[in-house]
Amino acid sequence: MNINARLRLKLLAGAAFFALVGCGRGKELPLSSAAVVPLLPPSPSPPTAADGALKGQYESNFLVGAAIGLAQKIQAETEDADILVKQFSSITAENIMKPQSLSPAEGVYNFADADALVNFSEANGIAIRGHTLLWHRQTPDYFFQGTPIEVKDRLQKYITDVVTHFKGKVYAWDVVNEVVTDNGSDITAPYRNSRWYQAAGNSKDYIDWAFEAARAADPDTKLFLNDYNTETSGKRTRLLAVVKDLIDRGIPIDGVGHQHHLQLSSNVDQALKAIDDVDALFSGLINHITELDISVYSDPGECFSSGENCATSYGDNVPESVINDQAQMYRDLFTGFAARPSVKSVSLWGLTDDASWLNGFPVERPNYPLLYDKDRKVKKAFQAVSDLNFVI
Ligand code: G3I
């Protein structure tokens, strides 16, 4: 049975169940029928959302996306499928379109999981964002072996094969991910001194190779350079230098992906300035927000670099004030994105809090960074962005 059919079956079963319970409350039911209706405990009336409230709110501005895992798991967890279908217009594969998943050995391709995700999306009219063709993590060692020419040929064959496989199905690709250095005094600045940089003969050439192969394989999909911390001025300056260099040399790039992994102490104005700076320098480039989440902890820099001085865990009890602040921050961001026409896609990095990577990063600690809680109920953050009249 396909996902649509399962979903429909579940909704029908749910409708039948509620009809039954509703009938049980009807005075005109004969006593014998009423007697078979089980008595239910009073429901706490959990927050729910009108169908399409989220994607509908931004329909004329941008796609609203979420990163998810296996389609098979979504299929089994029908509540997740239901949420995706009703509230989201874009999906990103959190891991299964990365090189480690798609090609664990040279010349060997494993498209099954990614194809299942594409099938789920196509069956439900949801667009697919591709993540990622090149990264220095989650990439098998074989990619980095040999001379720069061998590395180039192998990378270009991989990108050609993958982009061709998904041609017409993926509306945008993160062609290169996190190629900008965090260290402004790095001699390779603005480039990250990564395995890719080294394998290309201590050069940035691999970035060109990746974009050129992607464009040749699919002239219609949008090509992105994706990175984190564009809300900080130093990283942003280096990123803009990399993008400008690509444009000046005619390398085919369509847009900048801002990951926007934020925390409550992040500066919303700076997160929006990242978009304005791209707009100001390169008219015509697209901005995507690719991995948005807001950690409820405000950690200092050393927490990320050495795990020291991280904020104390809230455990299961996040203060209401924190949930409210998070909701307000989400609203400020979404409102700012909607006011900027170059923003064409905004994706959350996950669907529900329990599935977020932030439960394990920068330290193990329950986090609550997304729009849905672990019970698949909408949080105030969801209500704040999907209904601008909602009082936080
Ligand atoms: O699939 C294996 C599984 O077989 C094994 O049993 C299990 C044991 O640890 O590991 C599983 O792999 C994990 C994988 O996620 C899938 O769950 C990896 O250990 C784990 O490292 C990996 O983490 C991913 C991380 O990228 C890798 O760097 C996160 O889920 C994913 O959210 C995260 O996403 C990145 C973006 O791609 C780029 N931007 C930053 C963002 C957050 O780090």
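Use the structure listed above.
Criteria and cut-off values
- Residues numbered from 1 in each chain as written.
- Predicted model: local features only at pLDDT ≥ 70, side-chain atom pairs only at ≥ 80, totals over all residues.
- Heavy atoms only, no water.
- Helix = DSSP H or I, 4+ residues; strand = E, 2+ residues; numbered from the N terminus.
- Expected span 1.5 Å × (residues − 1).
- Buried < 20%, exposed > 50% of the residue type's maximum accessible area, 1.4 Å probe, protein only.
- Contact = heavy atoms within 4.5 Å.
- Disulfide = S-S within 2.5 Å.
- Polar contact = N/O pair within 3.5 Å; in protein donor to acceptor, adjacent residues only side chain to side chain.
- Phe/Tyr/Trp six-rings, centres within 6.5 Å; stacked < 30°, edge-to-face > 60°.
- Near = heavy atom within 4 Å.
- Nonpolar A, V, L, I, M, F, W, Y, C, P; charged D, E, K, R; others polar.

Colleague: Would you mind going over helix 12 (residues 268-281) with me for this structure?
Modeller: Each α-helix winds once per 3.6 residues, and so residues spaced three or four apart point in a common direction. The terminal C-alpha atoms of helix 12, which comprises 14 residues, lie 20 Å apart, in line with the 20 Å expected from a rise of 1.5 Å per residue. For helix 12, the complete set of buried residues consists of Val268, Ala271, Leu272, Ala274, Ile275, Asp277 and Val278. Buried residues in helix 12 make contact with helix 11 (233-248), strand 6 (255-258), strand 7 (261-263), strand 8 (286-295), helix 14 (320-338) and strand 9 (343-348).

Colleague: Got a minute to help me understand the state of the cysteines in this structure?
Modeller: Here is the idea: a disulfide is a covalent bond, and it sits between the sulfur atoms of two cysteines. Inspection of every chain in the model, using the stated rule, returns 1 disulfide. With a sulfur-sulfur separation of 2.0 Å, Cys303 is cross-linked through a disulfide to Cys310. Note on the Cys303 and Cys310 pair: the S-S dihedral is about 100°, so by sign convention the disulfide is right-handed. The class of Cys303 is buried, set by a relative accessible area of 1%. The buried category is assigned to Cys310, whose relative accessible area is 19%.

Colleague: Teacher, can you tell me more about the environment of Thr221 here?
Modeller: With respect to the helices, strands and loops of the structure, Thr221 is situated in the loop between helix 10 (205-217) and strand 5 (222-227). Expressed as a C-alpha distance, the spacing of Thr221 and Gly130, which sit 91 residues apart in the sequence, is 9.7 Å. Not counting residues up to four positions away in its chain, the partners in contact with Thr221 are Val170, Tyr171, Ala172, Trp173, Arg215 and Asp254. A distance of 3.4 Å separates the side chain of Thr221 from the backbone oxygen of Tyr171, its partner in a polar contact.

Colleague: Can you help me understand the packing of aromatic side chains in this one?
Modeller: Each aromatic ring pair is described using two quantities: the centre-to-centre distance and the angle formed by the ring planes. One pass over the full model with this rule turns up 18 aromatic pairs. Measuring from centroid to centroid gives 5.4 Å for Tyr109 and Phe111, while their planes differ by 0°, and the two rings are stacked. Using a relative accessible area of 14% as the deciding quantity, one classes Phe111 as buried. Summarising the aromatic geometry, the rings of Tyr330 and Phe334 are spaced 6.5 Å apart at their centres and angled 50° between planes, so their arrangement reads as tilted. Placement of the pair is Tyr330 and Phe334 together in helix 14, with a separation of 4 residues, close to one helical turn.

Colleague: Teacher, can you tell me more about the environment of Pro140 here?
Modeller: With respect to the secondary-structure elements, Pro140 resides in the loop between strand 3 (127-131) and helix 8 (148-165). According to the relative accessible area criterion, Pro140 is buried, its value standing at 13%. Along the chain, Pro140 and Glu106 lie 34 residues apart, while their C-alpha atoms are 8.8 Å from each other. In this view, Pro140 contacts Pro99, Gln100, Ser103 and Pro104; residues no more than four positions away in its chain are not counted.

Colleague: Please explain the site of the ligand as it appears in this structure.
Modeller: Of all residues adjacent to the ligand, which total 14 residues, the nearest are Glu94, Lys98, His131, Glu291 and Trp349. Taking Lys98, its side chain carries an N or O atom lying 2.7 Å from an oxygen atom of the ligand. A distance of 2.9 Å separates an oxygen atom of the ligand from a polar atom in the side chain of Trp349. Among the residues making up the shell around the ligand, the classes are represented as 3 nonpolar, 6 polar and 5 charged.

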